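Observations on the model geometry
Listed here are the chains, written in short residue letters.
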Amino acid sequence: EPEVTQTPSHQVTQMGQEVILRCVPISNHLYFYWYRQILGQKVEFLVSFYNNEISEKSEIFDDQFSVERPDGSNFTLKIRSTKLEDSAMYFCASSRTRGEKLFFGSGTQLSVL
Amino acid sequence: RKEVEQDPGPFNVPEGATVAFNCTYSNSASQSFFWYRQDCRKEPKLLMSVYSSGNEDGRFTAQLNRASQYISLLIRDSKLSDSATYLCVVRPPGAGSYQLTFGKGTKLSVIP
């Protein structure tokens, strides 16, 4: 079965630093998403991306966050100045159409010290 | 009121048992409903969609009651491999809505 690939699997950073989390969605998928899960908490929607623009974002996705599809295969999440509370597992997901099944990547565990 | 509410468990059941999970959602206009499974520190994986008429996939049966805003998942003949956290997931209303709203999950441990 095709997979969504995320790198790195773990990222440790200092507070205030910028981080970029990388994802390679499934090749024929058109919709891309980022979700996060703080340890012990629920999975939370951050942003969706379609046709090279943000289609929806949550209130978590403030000015410190940005997404980009720099080429035909990668989809990135950038956090400009990390805070302690950004520590979480970040999941990338993709789907072929809006209503279809989401395929999640295995996540990047971000630890902000 | 939380958007999607689940009993956190844990549910500890012996192999072969039948176990049921419940979920309630707050937005009556929600469009689509799912059960996902999440293993410890892994990504969520779709277990099944939930349809108004109820649906079954092998040992798993899902039911939706729109009037009560209630979703259920029944697992029959539990296997050790069913041990995981089960996430109730809802797509909010709105033609432009892309996001999924997750419950916090119900943890299941199937014991030999």
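Preceding block: the structure.
Numbers given for residues are sequential positions, taken from 1 along each chain in its written order. Chain letters and ligand numbers both follow the written order, the letters beginning at A and the numbers at 1. For a predicted model such as this one, the threshold for reporting local features is a pLDDT of at least 70, and the threshold for listing and counting side-chain atom pairs is 80 or more; totals across whole chains, interfaces and linings nevertheless cover every residue. Calculation of side-chain values draws on the structure's entire complement of heavy atoms; hydrogens and water are dropped beforehand.

1. Notes on the overall build of chain B
Helix and strand content of chain B: 0 helices and 11 strands. Each helix and strand of chain B, ordered N terminal to C terminal, gives the series β-β-β-β-β-β-β-β-β-β-β. The globule rule is 2.2 Å times the number of residues to the power 0.38, and the radius of gyration it is compared with is taken over C-alpha atoms. In terms of C-alpha radius of gyration, chain B reaches 14 Å, essentially the compact-globule figure of 13 Å for 112 residues. Across its three principal directions, the C-alpha atoms of chain B cover 45 × 30 × 25 Å. Taking contacts inside chain B between residues at least 6 apart in sequence as the whole, the part at least 24 apart equals 57%. When the accessible surface of chain B is split by element, carbon and sulfur atoms take 49% of a total near 5400 Å². A run of H or I in DSSP counts as a helix once it spans at least four residues, and a run of E counts as a strand once it spans at least two, with each numbered from the N terminus. Contact criterion: two residues are considered in contact whenever any of their non-hydrogen atoms come within 4.5 Å of each other. Accessible surface area values rest on a Shrake-Rupley calculation with a 1.4 Å probe, where residue burial reflects the displayed protein chains alone.

2. With respect to the overall build of chain A
Scanning chain A from N- to C-terminus turns up 0 helices and 11 strands. Counting helices and strands in the order they occur from the N terminus, chain A gives β-β-β-β-β-β-β-β-β-β-β. Over its C-alpha atoms chain A spans a radius of gyration of 13 Å, differing by no more than 12% from the 13 Å that the globule rule assigns to 113 residues. Dimensions of chain A, computed from the C-alpha atoms along their principal axes, are close to 35 × 25 × 25 Å. For chain A, the share of sequence-separated contacts (at least 6 apart) that also reach a separation of at least 24 residues comes to 54%. Summed over its atoms, the accessible surface of chain A is roughly 5700 Å², and 45% of this surface lies on carbon and sulfur atoms. Positive: Lys, Arg. Negative: Asp, Glu. His and the chain ends are not part of the count. By convention, charge coordinates are those of NZ in Lys, CZ in Arg, CG in Asp, or CD in Glu. In chain A, 11 side chains carry a positive charge and 14 a negative one; their mean positions are 2 Å apart.

3. So, unusual backbone geometry
In this structure, the amide linkage connecting T7 of chain A to the following residue, P8 of chain A, adopts the cis form with an omega of -10°. Its location among the elements puts P8 of chain A in the loop between β1 (5–7) and β2 (10–13). Of note, the bond from G9 of chain B into P10 of chain B is cis; its omega dihedral lies within 30 degrees of zero at 10°. Relative to the elements of secondary structure, P10 of chain B occurs in the loop between β1 (4–6) and β2 (11–14). Of note in this structure, D77 of chain B is not a glycine but carries a positive phi near 50°. For D77 of chain B, the position within the fold is in the loop between β8 (70–75) and β9 (84–91).

4. Some thoughts on the layout of surface pockets
Here a cavity is any set of points on a 1 Å grid over the protein atoms alone where a 1.4 Å probe fits but cannot get out, and a pocket is any open set with protein on both sides within 12 Å along at least 5 of 7 lines; a residue lines the site when it has an atom within 4 Å of a point. Grid points are joined across faces, edges and corners, and a volume is the space filled by probe spheres set on the points. Here the largest pocket defines a volume of roughly 540 Å³. Q37 and G40 of chain A together with Q38, R41 and T85 of chain B are the residues nearest the centre of the largest pocket, which is lined by 21 residues in total. For the lining of the largest pocket, the element with the highest residue contribution is strand β9 (residues 88–95) of chain A, accounting for 3 residues. Think of it as three bins: nonpolar holds Ala, Val, Leu, Ile, Met, Phe, Trp, Tyr, Cys and Pro, charged holds Asp, Glu, Lys and Arg, and polar takes everything else, Gly as well. Counted by class, the lining of the largest pocket contains 8 nonpolar, 9 polar and 4 charged residues. What the second largest pocket holds in volume is close to 290 Å³. Considering the residues around the second largest pocket, the lining is formed by 16 residues, among which E1, F103 and F104 of chain A together with E43 and K45 of chain B are closest to the centre. Elements that contribute at least two residues to the lining of the second largest pocket include exactly β10 (103–104) of chain A together with β5 (44–50) of chain B. Among the elements that take part in the lining of the second largest pocket, β5 of chain B stands out by supplying 3 residues, more than any other. Residues belonging to the lining of the second largest pocket are distributed by class as follows: 8 nonpolar, 3 polar and 5 charged.

5. Description of the environment of A29 of chain B
All names here are of chain B. Relative to the elements of secondary structure, A29 occurs in the loop between β3 (19–25) and β4 (32–38). A29 sits in the partly exposed class, given a relative accessible area of 44%. Remark: the alpha-carbon pair of A29 and V4, spanning 25 residues in sequence, is separated by 13 Å. We call a residue buried when its accessible area falls under 20% of the maximum for its residue type, exposed when it is over 50%, and partly exposed in between, using a 1.4 Å probe and counting protein chains only.

6. Topic: the sheet that holds β3 of chain B
Residue and element names in this part refer to chain B. Any two strands between which DSSP finds at least two bridges are classified as paired. With respect to topology, 5 strands assemble into an open sheet ordered β1-β3-β8-β7-β6, the strand pairing being antiparallel. The sheet is open, and its two borders are formed by β1 and β6 (55–57), each paired with just one other strand. If you compare each strand with its neighbour and ignore which way they point, the axes differ by 20° on average. One ladder, built from 3 bridges, connects β1 with β3; its direction is antiparallel. Paired with Q6 across the bridge in β3 is C23. Here an angle of 0 to 180 degrees is reported between the N-to-C directions of two axes, which are lines fitted to C-alpha atoms, with helices fitted over the stretch in contact.

7. Some remarks on empty space enclosed by the protein
Inspection of every chain in the model, using the stated rule, returns 1 cavity of 30 Å³ or more. E100, K101 and L102 of chain A together with F34, Y36, L46, R91 and L100 of chain B together form the lining of the largest cavity. Partitioned by chemical class, the residues of the lining of the largest cavity number 5 nonpolar, no polar and 3 charged.

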